[in-house]
Amino acid sequence: MRMETSDEDMARAAQDGDRDAFAGLLARHYDRLFVLTFRLTGSRADAEDLTQDICLALPRKLSGYRGDARFSTWLYRVAVNAAHDWRRRDASRSKAADGWGTWETGRRAAEAEAAADHAWLRTAMAALPEDLRETLALTLDDGMSHSDAAEILGVSEGTVSWRMSEVRKRLRALAAEDAG
Amino acid sequence: MSDYIEKLRAALGEVLPDPKRKAETLAGAMAAFDAHQGSGTSTRLNPTRRPLGWILDGVRTMTDILTSRGGLAATTALAALALIVISPVGRDLRNPPASLEVTEAELSPTRPEPGSGDLVAASPVAPRDRPGASSTAQTRRLAVGEAAEEAFSVAPSTVPSAVVGALGQNQPAMDGSRTALRERIAVPLDAPILLPERGTEAFANEPPSALKITADDPVVTFSVDVDTASYSVVRSSLLAGFLPPVGAVRIEEMVNYFPYAYPVPEGPRPFAPSVALLQTPWNDGTRVLQVAIQGAASSRENRPPLNLVFLIDTSGSMHDPNKLPLLKQSFRLMLGQLRPEDDVSIVTYAGSAGEVLAPTPASERAEILSALDRLEAGGSTAGQAGLVQAYDTAATMAADGEVNRVILATDGDFNIGLSDPAALEAFIARQRDAGTYLSVLGFGRGNLDDATMQALAQNGNGQAAYIDTLSEAQKVLVDQLSGALFPIANDVKIQIEFNPARIAEYRLIGYETRALAQTDFNDDRIDAGDVGAGHQVTALFEVTPVGSDAVLSDPLRYGVADASTESDELAFLRLRYKRPGEDQSELIEMPITDAATTNDEARFAAVIAGFGSLLRGVDYTGDWGFEEAIALATEVKGDDPYGYRAEAITLMRLARTLSTR
């Protein structure tokens, strides 16, 4: 097992063509990548597709990883950019808008009643502008600090904090609207 | 307050990926990784690195196997021709798409890193053995030229990129007419990854064969096709995250990509035809008739000495890692298969043509390798001058009992042909008659001119292949070295006559670009495809038995009387070929009876035909889709020593994903 090997070392090995290292990286990050793309797109189906696209492009993209950031940071940046492009490409088909409207369909039936409770969350997520949504999606990740998110998004930490307060403000407003 | 965030986290946090999709994606990513390695630079061959080690080990193993005669027979002796007949029950066999449909090429949404136009793409270089005549070829070529021009005009800076699939659609030579049908596939924003320079790919194809009613039209005639380029293109497209352009899918080339366990010929004939009959995967009411031809193998020890001239395109567009660097690696692999008596020479063309390596015995490996290493991409393409020089060099190497071949390696930016295609083809044909053959290897993707490459290889009696990865290079250049370089039969034509008393309707799957007129069969002047040592050719028909629910046409009121009552013959196979150097063809005849049985090899070929049909967007496959193809392919995959079939299944999964998006 490669428990001791860091992502960064494995990424370098994969760049040099080490197949096992590449497979190991994928195995380590696939699930988190999926969760992130799900938050970014709001649709399970889109998240599956987007994750696949990212993974298939990864062998080529990997050569662009310089090792100056943590691998996960770099990978998330790739994912955010991919989601960004995805959204823009889908905009013409207005598929993106549908995403958040149906996001809960993939969830377990046991959560059906909770879904009603959270209806406003869907609306809220869909209503957020893209930069806020990206920021929110990243910070929802356990273990992701504002500074990590800032690095991934290529903005300052202050911007992330400001965006998050903006997110809260909007969520609050929407919740109030919903209640009223 | 931030409990909204917490709520969101709770609501969104538990989602887990679908394990099946996950497995598929991981498999696809590994395939893409391998493809990427294969297209990498030569520095990756450093043996201290793990990466390519496994590939090289594979090559070594293969080499070991190849040195034994039995190994040769087992691995490279795969030429089989299979005809599959299927008839549909209640499905619409009769309405083939009137025109090719444009598929929307879905591109991976990820943004390209600038300059990373490497990876995947495979472009097809397939030589079409067309019966005919340069006039036909010329009109086709012109059509391609126009399309290419349009491509330039519609791919301005405002449109990030456009892939143009130009489908020059010609009628068979017999009527000489042509309808040019062009399709343009506009690719969304990210295309530059795949098509770094200009999207000027041109593919040659024809609409899917129509269903034929046996009573009206019992005979079908076509030329064999041993090319496999289309499969490589399909693979590279799918690995890059988009469905292949419909025009790039030539089903017979996909089917012929795979080695099958066909009976090896015995006796004086250079091949053995075999026949199988099986249930059509996509239609309960029809059957698939498979006709397979297995070419006799030649052994490495007994083959005549080879004189090879590598004609290498070193124009600026060859700079990509999946072009010149991959080409160098591929030729290194090939070199290991040559014998000391073989001679090698290298001619390049870019701006001006030049001889980089004078004819050198293959035993001088160091000298050849260093000449190869000195190659650098730069300049524009001067293909014709290079070709002339390559043939001149070949002429100096010729000796009695030796085989001369020019191997052209290019990314398809071979612009000279368009100015005077007829003269170029005539030149290549003259050289062929003088004993020097031409093979074409395509590298890279982006401006591949499939039609031109085909025309070149067709006239040179050569095979065209598309090399997108190192493992493909191994397959084409190493595993099949003997087949690609030693023709055992020229102008191989197949004619099948169906018995209207048994078969109501039939359809030839694929081979659209290989159709011949019925009268061409016995006309030895008509050119057709060649079969090399160990090659396999497979042809599949979908046939509807008389009385099946799937018969789509009503019986004729004044129909022909039963031509052959109570016959167990479903069809009659005729096969014509010329031995190399002969002018007179020989004939093989064989009745196809309902005693023909099925086997998993034939079933796998049928699944691949179905897969190709799905990619072409035909309607005869009905409700049968990628899901069913995957299930059946998995079931009948059988012994798959090199993993080709497993790879095909991965591609089917990717296609399913891409097609449902």
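Quick look at the overall build of chain A
Then, number 1: Secondary structure summary: chain A contains 10 helices and 0 strands in total.
Then, number 2: For chain A, the sequential pattern of α-helices and β-strands runs α-α-α-α-α-α-α-α-α-α.
Then, number 3: Here chain A holds 180 residues, and the buried ones make up 43% of them.
Then, number 4: Of the contacts formed within chain A by residues at least 6 apart in sequence, a portion of 62% connects residues at least 24 apart.

Overview of the confidence of the model for chain A
Residue and element names in this part refer to chain A.
Then, number 1: In this model, chain A carries a mean pLDDT of 76, and residues with pLDDT of at least 70 account for 76%.
Then, number 2: Mean pLDDT across the elements of chain A ranges from a minimum in helix α5 (residues 95-101), with 41, to a maximum in helix α9 (residues 146-153), with 89.
Then, number 3: A low-confidence stretch, residues 92-114 stays under pLDDT 50, and its non-local contacts, those more than four residues away or across chains, total 22 contacts.

With respect to the packing of helix α8 (residues 324-335) of chain B against helix α9 (residues 365-374) of chain B
Each pair of packed helices can be described by the angle between their axes along with the distance between the axes.
All names here are of chain B.
Then, number 1: One way to put it is that α8 packs onto α9 with a least axis distance of 10 Å and a crossing angle of 170 degrees. Taken together, α8 and α9 sit at an angle that is classed as roughly antiparallel. The two elements α8 and α9 cross, and the hand of that crossing is right-handed. Contacts between α8 and α9 pair K328, F331, R332 and L335 from the former with R365, I368, L369, L372 and D373 from the latter.

Observations concerning the sheet that holds strand β4 (residues 212-213) of chain B
Residue and element names in this part refer to chain B.
Then, number 1: An order of β4-β15-β17-β7-β6 is seen for the 5 strands of this open sheet, with the pairing classed as antiparallel. The open sheet has two edge strands, β4 and β6 (271-279), and neither has a second partner.
Then, number 2: Here 6 bridges tie strand β15 (residues 503-509) to strand β17 (residues 536-545), and the two strands are oriented antiparallel to one another. Paired with E505 across the strands is T544, a residue of β17.

Some words on the nonpolar core
Then, number 1: Of all hydrophobic cores here, the largest spans 196 residues; its most connected members are A:A79, B:F310, B:L311, B:I608, B:A633 and B:M652.
Then, number 2: With residues up to four places along the chain from it excluded, the contact list for B:A633 reads B:F604, B:V607, B:A648, B:I649 and B:M652.

Describing the packing of helix α6 (residues 229-239) of chain B against helix α18 (residues 644-659) of chain B
Residue and element names in this part refer to chain B.
Then, number 1: At a closest axis distance of 10 Å, the pairing of α6 and α18 adopts a crossing angle of 55 degrees. Classed by the angle they form, the pair α6 and α18 counts as oblique. Two packed elements cross with a definite hand, and for α6 against α18 that hand is left-handed. In this structure, α6 uses V234, R235 and L238 to contact α18, whose residues at the interface are L651, L654, A655 and L658.
Then, number 2: Across the contact of α6 with α18, the residue classes tally to 6 nonpolar, no polar and 1 charged.

Procedures and definitions
- Residues numbered from 1 in each chain as written.
- Chains lettered and ligands numbered in written order.
- Predicted model: local features only at pLDDT ≥ 70, side-chain atom pairs only at ≥ 80, totals over all residues.
- Helix = DSSP H or I, 4+ residues; strand = E, 2+ residues; numbered from the N terminus.
- Buried ≥ 20, exposed ≤ 12 C-beta atoms within 10 Å, placed from the backbone.
- Contact = placed C-beta atoms within 7 Å.
- pLDDT = per-residue confidence, 0-100.
- Axes fitted to C-alpha atoms, helices over the stretch in contact; angles between N-to-C directions.
- Parallel < 35°, antiparallel > 145°, perpendicular 65-115°, else oblique.
- Left-handed = near helix turned anticlockwise from the far one by under 90°.
- Pairing = 2+ DSSP bridges.
- Core = buried A, V, L, I, M, F, W, Y, C linked by C-beta atoms within 7 Å.
- Nonpolar A, V, L, I, M, F, W, Y, C, P; charged D, E, K, R; others polar.

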